[in-house]
Amino acid sequence: MTEYLAVDGGTIAYEATGAGPLVVLAHGMGDSRAAYRAVAPELVAAGYRVAAVDLRGCGESSVGWPAWSRTAIAGDLLALVRHLGGPAVLVGHSVSGGAATIAAAREPALISAVVELAPFTRAQSVRLGDLRVKRFRRGMLRLLGAGVFGSLPLWRAYLDVAYPGAKPAHWDERLGRIESLLREPGRMKAMQGMGRSAPADAGAQLGGVRCPVLVVMGTLDPDWADPRAEGAAVVDALPAGLGRLEMIDGAGHYPHDQFPDRVTALVLGFLGEKAVRA
């Protein structure tokens, strides 16, 4: 059942199920909590209380927000954790991976661990050699075009590259849901706003994180010419010993939707190790 929480002059939608330690699932830009449709039930079955949230401007959340930065999204996530009763594990994808980093650094008592899926957490730069990687070149052009022009066809074209290889069984349904939401007034603007927000605010907080962090990258993620190097750079910017990088062979920018079983296994293993260390 969808529930709503008033935050920062707007309303965020979420769905919480299960019982046990709290895990909050946050999606990437232009998406909704449906991105975790295969992951959430497995976490619940493993004994966790799972809250899947629609980011500001996305899904069933309201659209009239003053800011789209990772810092603003982090404030929403922290508000939800307080509302549900923390501490919580934050799982963030892409833009919300950076937001999860900020939340953990700002409120260490509320965030017990962070999982970053294909995160845009660090400031980005493109080297000339990166453009020789066809996967990266195609993804970047489509992603930039969708952001600049607010083009739904270009966003759909980007998603086709972001899910390399065989598409999930629910692919047509997934695309239909995304397109339907982005046609609603204000939702494309929200996606463009998140796309324009620089990740520098998140990168600056990496050194202040005090909880364990798992970074998961797909080997074929089109958002980076070298996804492994990007994931390793995130881990290296954390305090020593806190971060770990895992790669999923064949995955693109949406490993949790493309290979949910692999991502769930990594997350549960990580949480089990965290519990032992605690």
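Structure report, in brief.

Rules of the game
- Residues numbered from 1 in each chain as written.
- Predicted model: local features only at pLDDT ≥ 70, side-chain atom pairs only at ≥ 80, totals over all residues.
- Heavy atoms only, no water.
- Helix = DSSP H or I, 4+ residues; strand = E, 2+ residues; numbered from the N terminus.
- Expected span 1.5 Å × (residues − 1).
- Buried < 20%, exposed > 50% of the residue type's maximum accessible area, 1.4 Å probe, protein only.
- Contact = heavy atoms within 4.5 Å.
- Axes fitted to C-alpha atoms, helices over the stretch in contact; angles between N-to-C directions.
- Left-handed = near helix turned anticlockwise from the far one by under 90°.
- Core = buried A, V, L, I, M, F, W, Y, C linked by side-chain atoms within 4.5 Å.
- Pairing = 2+ DSSP bridges.
- Arc of directions from axis to C-beta.
- Polar contact = N/O pair within 3.5 Å; in protein donor to acceptor, adjacent residues only side chain to side chain.
- Patch = residues over 30% accessible without salt bridge, like charges linked within 9 Å, V, L, I, M, F, W, Y side chains within 5 Å.
- Areas by Shrake-Rupley, 256 points an atom, 1.4 Å probe, with all protein chains shown as cover.
- Salt bridge = Lys/Arg side-chain N within 4 Å of Asp/Glu carboxyl O.

## Some remarks on helix α3 (residues 95–106)
Now for step 1: Between its first and last C-alpha atoms α3 spans 17 Å; for twelve residues at 1.5 Å apiece the expected length is 16 Å, and the two agree.
Now for step 2: By the criterion of burial, α3 is predominantly enclosed, with eleven of the twelve residues buried.
Now for step 3: Residues of α3 that are buried sit in contact with β3 (22–26), α2 (70–84), β5 (88–93), β6 (111–117), α7 (187–196) and α8 (200–203).

## Notes on the packing of α2 against α3
Now for step 1: At a closest axis distance of 8 Å, the pairing of α2 and α3 adopts a crossing angle of 65 degrees. The crossing of α2 and α3 is right-handed. The segment α2 lies against α3, with R70, T71, I73, A74, G75, L77 and L78 engaging V95, G98, A99, A100, I102, A103 and R106.

## Concerning the environment of V89
Now for step 1: The topology assignment puts V89 in strand β5.
Now for step 2: Spatially, the C-alpha atoms of V89 and V115 are 7.7 Å apart, while their sequence positions differ by 26 residues.

## A few points about the nonpolar core
Now for step 1: V24, I111, W155 and L159 are the most contacted members of the largest nonpolar core, which has 64 residues in total.
Now for step 2: Looking at this core element by element, the count peaks at eight residues for α2.
Now for step 3: Those residues within four positions of V24 in sequence are excluded, and the remaining contacts are A51, V53, L77, L80, V81, A88, V89, L90 and V91.
Now for step 4: Counting residues in hydrophobic clusters, the runner-up holds 24 residues, among them V39, V216, V267 and F270.

## Side note on the pairing of strand β1 (residues 3–7)
Now for step 1: The sheet contact formed by β1 and strand β2 (residues 10–17) spans five bridges and is antiparallel. Residue pairing across strands places V7 opposite G10, the latter belonging to β2.
Now for step 2: In this antiparallel pair of consecutive strands, β1 and β2, the connection spans two residues, and D8 shows a positive phi of 50 degrees.

## Re the sheet that holds β6
Now for step 1: The strand order across the open sheet built from eight strands is β1-β2-β4-β3-β5-β6-β7-β8, with neighbouring strands paired in mixed fashion. The sheet is open, and its two edges are formed by β1 and β8 (243–248), each paired on a single side. Ignoring strand direction, the axes of neighbouring strands in this sheet form an average angle of 20 degrees.
Now for step 2: Where β5 lies against β6, six bridges are found, and the strand directions are parallel. From the neighbouring strand, V91 faces β6, where its bridge partner is V115.
Now for step 3: Across the sheet, helix α9 (residues 227–237) is in contact with β6, β7 (213–218) and β8; its angle to β8 comes to roughly 165 degrees.

## Here we look at α9
Now for step 1: Among all positions in α9, only P227, E230, G231, V234 and V235 are buried. For α9, the angular spread of the buried residues around the axis is 135 degrees, confining them to a single face.
Now for step 2: Considering only its buried residues, α9 is in contact with β6, α4 (134–149), β7 and β8.

## Digging into unusual backbone geometry
Now for step 1: Going from G86 to P87, the amide bond is cis rather than trans, its omega being 5 degrees.
Now for step 2: You can see P87 is positioned in the loop between α2 and β5.
Now for step 3: Even without being a glycine, S94 presents a positive backbone phi close to 55 degrees.
Now for step 4: Positive phi outside glycine occurs at A118, with the angle close to 45 degrees.

## Comments concerning the side chain of R174
Now for step 1: As for its position among the elements, R174 is in helix α6 (residues 171–182).
Now for step 2: Only 3.2 Å separates the side chain of R174 from the side chain of Y163, close enough to count as a polar contact.

## Observations concerning the environment of R187
Now for step 1: Among the secondary structure elements, R187 is positioned in helix α7.
Now for step 2: Using a relative accessible area of 9% as the deciding quantity, one classes R187 as buried.
Now for step 3: Along the backbone, R187 and A202 are 15 residues apart, and their C-alpha atoms lie at a distance of 23 Å.
Now for step 4: With residues near it in sequence (within four places) discarded, R187 still touches G57, C58, G59, E60, S61, S62, V63, L181 and L182.
Now for step 5: At 2.8 Å, the side chain of R187 forms a polar contact with the side chain of E184.

## Some thoughts on a nonpolar patch on the surface
Now for step 1: Taken together, the side chains of V126, L128 and L131 define a hydrophobic patch exposed on the protein surface, amounting to about 280 Å² of accessible area.
Now for step 2: Looking at the secondary structure, you find V126 in the loop between β6 and α4.
Now for step 3: Residue V126 is classed as partly exposed on the basis of its relative accessible area, which comes to 48%.

Function cannot be read off these values alone, since they describe shape.
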